[in-house]
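Notes for the structure review
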Amino acid sequence: MSLVSSAAVAEHASRDSCWIVVHGKVYDVTDFLDEHPGGSKIILKYAGADATEAYEPIHPPNAITDNLPTDKHIGTVDPDTVVKVVKEVTEEDKRRQALLDARPPLDEIINLHDFEAVAKAVLPPKAWAYYSSASDDEITIRENRAAFQRVWFRPRILRDVTSVDWSTTILGQKSSLPVYISATALGKLGHPDGELNLTRAAGKHGVIQMIPTLASCSFDEILDAALPGQPLFLQLYVNRDREITKKYVQHAEKRGVKALFITVDAPQLGRREKDMRMKFVGDAGAKVQEGQKDIKQDQGVARAISSFIDPSLSWKDIPWFRSITNMHIILKGVSTPEDALLAYDAGLQGIVLSNHGGRQLDTARSGLENLPPIIAALKTRGPWPNPNFSVFIDGGVRRATDVLKALAMGASAVGIGRGFLYAFASYGQEGVEKSFQILREEFEMNLRLLGARNLSELTPDMVDASGLHQHVGLTPADNLFNATCKLHLSSLYPTR
Ligand code: 173
């Protein structure tokens, strides 16, 4: 590849001829501008310049090389011509560094909620908005936590709980916790090592990670960071181009991934308004002004990069998935007994009762509330638990007690997404390891207090879920308005 000077790159700084530098390579993206899922405006901001910093958290390293024809790969930027810009330390950088320096030492973190508080303080505002946001009025995300609080324990006594064991098997794979790491996208928004923080911590502690389709690290980087034989699952967004999905799935199987979790609750991404507001703020400084054409950039980062997801996905596709892989297939995002039975009858290996962390259909019920009717429906097909069919739940899980309630009510294991994400966003791999330790301690104590020596001794009569379907309560506080809309309003009308 030819060497290109920085000055030559800088000459292509317009919509008519747009070159950018990513990881030291020069690309001509002129013809790609209108195809960019995130819109052209964000690329034009870096026209004629180095875009690596903006590119990195959102795209796996191979995104540009895979999508741009090779004749658009112009060359390598000549290092001698790069004017070393001493990166200006902004007030915002200083503020963030001060917050990072002021993080409590890890041994002062005593529960999973603490990570969230630290993450909120130290994350760049856009990253916090993306991770924490949920759809519309954010009622479902709050309900996910609230539902656990409507289930109460009926502990048993005098059962010799000297030794207790909370290890289990998830889809045939050993797991030190009845918890797996659920997929969350764009890990590098939170920490430079992104999802690898989870992979490394999971390998060390015998926990199973579900790899997201939209990870910031490439699939192979994650697999390369795993220990030999470390069990991993894969979350799948199905591409409109089924050949791409087929290649991806078969590559995953070849690399030893054990189960495929097909996301079925996101034919279109929900409106995460906190995230959307951030885009308005962030794009204000775009170098090249764009016309009406570019409408995607104001929809938040997730929407921008999700246009490949196929909304036509249907039950008719299930046999095709079965034909391309021998991995276990699980549907992620099931809410009703009707769909649970369709999944069972289609010969799949499980379902996740999930509302996507409250990020999709707002006022969808919680996975926990959907659990009892779904277990009851599955019991019409045979005894429960069923060794050939698993029911997982996720959403709002932060405590071992949350997990124990779900297991007592028939769940096979439980997923945690944001909880672990906040752990690495605030403290990297060590944070994730600490979160496992916290959960271990919580499992040990709560199993003892509950009178169960292992997970098979958790039975439905150990919980009182009679209030689970009662939604009466205080009207939830309107956090969305208080935290974002009001702020936005005050920036528009500073005097109000
Ligand atoms: O919840 C999400 O943000 C999500 O699933 C997603 C989907 C597409 C792109 C990025 C994230």
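Definitions and limits used
- Residues numbered from 1 in each chain as written.
- Predicted model: local features only at pLDDT ≥ 70, side-chain atom pairs only at ≥ 80, totals over all residues.
- Heavy atoms only, no water.
- Salt bridge = Lys/Arg side-chain N within 4 Å of Asp/Glu carboxyl O.
- Helix = DSSP H or I, 4+ residues; strand = E, 2+ residues; numbered from the N terminus.
- Buried < 20%, exposed > 50% of the residue type's maximum accessible area, 1.4 Å probe, protein only.
- Pairing = 2+ DSSP bridges.
- Axes fitted to C-alpha atoms, helices over the stretch in contact; angles between N-to-C directions.
- Core = buried A, V, L, I, M, F, W, Y, C linked by side-chain atoms within 4.5 Å.
- Contact = heavy atoms within 4.5 Å.
- Near = heavy atom within 4 Å.
- Polar contact = N/O pair within 3.5 Å; in protein donor to acceptor, adjacent residues only side chain to side chain.
- Areas by Shrake-Rupley, 256 points an atom, 1.4 Å probe, with all protein chains shown as cover.
- Nonpolar A, V, L, I, M, F, W, Y, C, P; charged D, E, K, R; others polar.
- Right-handed = clockwise from strand over helix to strand, strands pointing away.
- Parallel < 35°, antiparallel > 145°, perpendicular 65-115°, else oblique.
- Left-handed = near helix turned anticlockwise from the far one by under 90°.

**Digging into the pattern of salt bridges**
As enumerated under the stated definition, the model contains 20 salt bridges in all. The shortest N-O distance in the salt bridge between Arg-398 and Glu-116 comes to 3.9 Å. Placement of the pair is Arg-398 in the loop between β15 (390-394) and α17 (400-408) and Glu-116 in helix α6 (residues 112-122), with a sequence separation of 282 residues. Two residues, Arg-399 and Glu-442, come together in a salt bridge whose shortest N-O distance is 2.7 Å. With Arg-399 in the loop between β15 and α17 and Glu-442 in helix α18 (residues 418-450), this pair connects stretches of sequence that are 43 residues apart. Judged by relative accessible area, Arg-399 falls into the partly exposed class, the value being 27%. Looking at Glu-442, the relative accessible area reads 10%, which means it is buried. Within the structure, one salt-bridge network assembled from shared partners comprises Glu-143, Arg-150, Arg-365 and Glu-369.

**Some words on the sheet that holds strand β9 (residues 179-181)**
With parallel pairing, 8 strands are arranged side by side around a closed barrel as β9-β10-β11-β12-β13-β14-β15-β16. Averaged over all adjacent pairs, the angle separating strand axes in this sheet is 30 degrees, with direction ignored. Pairing geometry for β9 and strand β16 (residues 413-416), over 3 bridges, is parallel. For Ile-181, the partnering residue across the bridge sits in β16 and is Ile-416.

**Section: the nonpolar core**
Formed by 109 residues in total, the largest nonpolar core has its most connected members in Ile-351, Leu-368, Leu-371 and Leu-458. Looking at which element gives the most residues to this core, the answer is α18, with 14 residues. With residues near it in sequence (within four places) discarded, Leu-458 still touches Leu-404, Leu-407, Ala-408, Leu-447, Leu-450 and Ala-452. Formed by 15 residues, the second largest nonpolar core is a distinct cluster that contains Phe-32, Leu-33, Leu-44 and Leu-68.

**What to know about unusual backbone geometry**
Here the bond from Trp-384 into Pro-385 is cis, since omega is 0 degrees, no more than 30 degrees from zero. Structurally, Pro-385 is set in the loop between α16 (367-379) and β15. Residue His-23 is not a glycine yet carries a positive backbone phi of 50 degrees. Tracing the backbone through its elements, the reader meets His-23 in the loop between β2 (19-22) and β3 (25-28). In this structure, Leu-158 takes a positive phi of about 55 degrees despite not being glycine. Note on placement: Leu-158 falls in the loop between β6 (152-153) and β7 (168-170).

**Some remarks on the site of the ligand**
Around the ligand, the surrounding shell consists of Tyr-130, Ala-185, Leu-214, Tyr-237, Leu-269, Arg-272, Ala-302, Ile-305, Ser-306, His-356 and Arg-359. His-356 places a polar side-chain atom, nitrogen or oxygen, 2.8 Å from an oxygen atom of the ligand. Arg-359 has a polar side-chain atom sitting 2.8 Å from an oxygen atom of the ligand. When the ligand sits alone it has 290 Å² of accessible area, and the protein chains cover 94% of it. Among the residues making up the shell around the ligand, the classes are represented as 7 nonpolar, 2 polar and 2 charged.

**Describing the sheet that holds strand β5 (residues 73-77)**
Spatial strand order, β1-β5-β3-β2-β4: 5 strands in an open sheet with mixed pairing. What marks the edges here is a single partner per strand, and that holds for β1 (3-4) and β4 (49-50).

**Overview of the side chain of Lys-72**
Note that Lys-72 resides in the loop between α4 (63-67) and β5. With a relative accessible area of 19%, Lys-72 lands in the buried category.

**Comments concerning the pairing of β16**
Side chains of β16 alternate between two faces, with Ala-413 and Gly-415 and Val-414 and Ile-416 buried alike. Sheet topology note: the β15/β16 ladder contains 3 bridges and is parallel. When the bridges of β16 are listed, Phe-392 appears paired with Ala-413. Between the parallel elements β15 and β16, the chain passes through α17 in a crossover that is right-handed.

**Focus on the packing of helix α15 (residues 337-345) against α16**
Close contact between α15 and α16 brings their axes to 9 Å; oriented N to C, the two are set at 40 degrees. The angle between the axes of α15 and α16 places the two elements in the oblique class. Crossing of α15 over α16 shows right-handed handedness. Within the contact between the two elements, α15 uses Pro-337, Ala-340, Leu-341 and Tyr-344 and α16 uses Pro-373, Ile-374, Ala-377 and Leu-378.

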